[in-house]
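Letter by letter, the chains look like this.
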Amino acid sequence: GALARHGIMEGTCKILVLICQKNHHTRLVYEESIQDSRFHNVSPGIVVDACGGMDSITSSTQIEFYLNSHATIQGTSKPTKYTLIYDEIGMKLSEIELMTYWLCYLYARCTRSVSIATPVYYAHWAAKRGKNIMAAGGTPEDLKKISDLYSMKDANPMFFV
């Protein structure tokens with residue numbers, strides 16, 4: 001089928017599922033010195049995971065990390081919490097963290113990095129559009145027709161790049 005035309009054999013695709021959470025109360029800041037008790041925002045790319053051992057703010061039973069992927073424009077930076085729930089690929093945690101950080105630079109509506117990985121933003125917009133279509137009287141069949149119009153059946157594989 002369509003996958004074979006692009007050199008991908010059916011049944012060979014492996015997936016990794018990360019849950020991302022923005023609605024939490026964790027903030028990452030640092031204190032420059034003991035004498036200067038002011039707190040400062042951390043730089044983009046800062047990751048906090050369970051490497052801190054017992055002092056870590058992440059779970060000791062789940063694979064999770066906090067990523068501050070963007071520069072803070074106003075206020076205190078709010079990292080995104082990512083939790084790995086399924087992994088067929090077998091990536092190392094450091095590879096997942098780096099890939100997630102790089103994905104924050106691919107959002108087409110922004111020239112800088114964003115706070116959550118780009119596929120999450122696109123999934124959010126697709127879900128919102130589907131909700132609006134359904135609220136306007138659309139049916140699941142209408143959503144399928146729209147999806148088929150934008151599928152890669154006849155598209156050049158570089159269409160979305």
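These figures come from a predicted structure and were not determined experimentally.

A.B. asks: Which parts of the structure should I look at to understand the overall build of the protein chain?
C.D. replies: Within the protein chain one finds 4 helices and 6 strands. Scanning the protein chain from its N terminus toward the C terminus, one meets helices and strands in the order α-β-β-β-β-β-β-α-α-α. Evaluated residue by residue, the protein chain yields a buried proportion of 23% over its 161 residues. Surface summary for the protein chain: the accessible area is close to 11700 Å², and the carbon and sulfur share equals 59%.

A.B. asks: Please explain helix 3 (residues 118-135) as it appears in this structure.
C.D. replies: Turn by turn, an α-helix covers 3.6 residues, leaving residues three or four places apart pointing in a common direction. Under the 1.5 Å per step criterion, the end-to-end length of helix 3 is 26 Å for 18 residues, consistent within 8% with the ideal 26 Å. Following helix 3 by one or two positions, Gly137 adopts a phi angle in the positive range, close to 105 degrees.

A.B. asks: Is there a simple way to explain the nonpolar core in this structure?
C.D. replies: As a rule of thumb, nonpolar side chains are buried together in soluble globular proteins. Residues Leu16, Phe65, Leu67, Tyr82, Leu84, Ile96, Tyr101, Cys104, Ile116 and Ala117 constitute the largest nonpolar core, which totals 10 residues. Secondary structure elements with two or more residues in this core: strand 5 (63-68), strand 6 (80-87) and helix 2 (93-103). The contacts of Leu67, once residues within four sequence positions are left out, are Gly45, Ile46, Val47, Pro79, Thr80, Tyr82, Thr100, Tyr101 and Cys104.

A.B. asks: Which parts of the structure should I look at to understand the pattern of salt bridges?
C.D. replies: When the charged atoms of two side chains lie near each other, side chains of opposite charge can form a pair. In the structure shown here, the tally under the stated rule is 1 salt bridge. For the salt bridge of Lys81 with Glu64, the shortest nitrogen-to-oxygen distance reads 3.6 Å. Residue Lys81 is found in strand 6, and its partner Glu64 is found in strand 5; the two are separated by 17 residues along the sequence. There is no split in this pair, since Lys81 and Glu64 are both buried.

A.B. asks: Is there a simple way to think about the pairing of strand 5 in this case?
C.D. replies: Moving residue by residue along a regular strand, the side chains alternate between the two faces of the sheet. Counting buried positions along strand 5 yields 5 of 6 residues, so the element is predominantly enclosed. Sheet topology places strand 4 (residues 46-48) next to strand 5; 3 bridges connect them, and they run antiparallel. When the sheet's bridge partners are listed, Ile46 is paired in strand 5 with Asn68. Relative to strand 6, strand 5 runs antiparallel, the two being bridged by 5 bridges. Residue Glu64 lies in a different strand from strand 6, and its bridge partner there is Thr83.

A.B. asks: Mind showing me how you'd approach the layout of surface pockets here?
C.D. replies: Here the idea is plain: a probe the size of a water molecule rolls over the atoms and shows the empty space left. Put simply, the largest pocket is a space of about 370 Å³. Listed by contribution, the elements that provide at least two residues to the lining of the largest pocket are helix 3 and helix 4 (140-149). The residue inventory of the lining of the largest pocket, partitioned by class, reads 7 nonpolar, 3 polar and 3 charged. In this structure, the second largest pocket occupies an estimated 200 Å³ of space.

Criteria and cut-off values
Once a new chain begins, its residue numbering starts again from 1 and follows that chain's sequence as written. This being a predicted model, a pLDDT of at least 70 is required before a residue's local features are given, and a value of 80 or more before pairs of side-chain atoms are given or counted; all residues contribute to the totals for chains, interfaces and linings. Just so you know, side-chain values use all the structure's heavy atoms and leave hydrogens and water out. Comment: elements are numbered from the N terminus, with helices defined as DSSP H or I runs of at least four residues and strands as E runs of at least two. Summary of the burial criterion: residues with accessible area below 20% of their type's maximum are buried, those above 50% are exposed, and those between are partly exposed, where the area comes from a 1.4 Å probe applied to protein chains only. Only the protein chains shown count as covering a residue, and every accessible area follows the Shrake-Rupley method with a 1.4 Å probe. Here the expected span of a helix is defined as 1.5 Å times the quantity of residues minus one. In this description, a nonpolar core means a group of buried Ala, Val, Leu, Ile, Met, Phe, Trp, Tyr and Cys residues linked to one another through side-chain atoms lying within 4.5 Å. Contacts are assigned to residue pairs that have any heavy atoms within 4.5 Å of one another. Basic side-chain nitrogens of Lys or Arg form a salt bridge, by our definition, when they fall within 4 Å of a carboxyl oxygen of Asp or Glu. The rule for pairing is simple: two strands pair if DSSP sees at least two bridges between them. The definitions used throughout rest on a 1 Å grid laid over the protein atoms alone, on which a cavity is an enclosed set of points accommodating a 1.4 Å probe that cannot get out and a pocket is an open set flanked by protein within 12 Å on both sides along at least five of seven lines; lining residues are those having an atom within 4 Å of a point. Grid points are joined across faces, edges and corners, and a volume is the space filled by probe spheres set on the points. In this count, Pro and Cys sit with the nonpolar residues alongside Ala, Val, Leu, Ile, Met, Phe, Trp and Tyr, while Asp, Glu, Lys and Arg are called charged and the others, Gly among them, polar.

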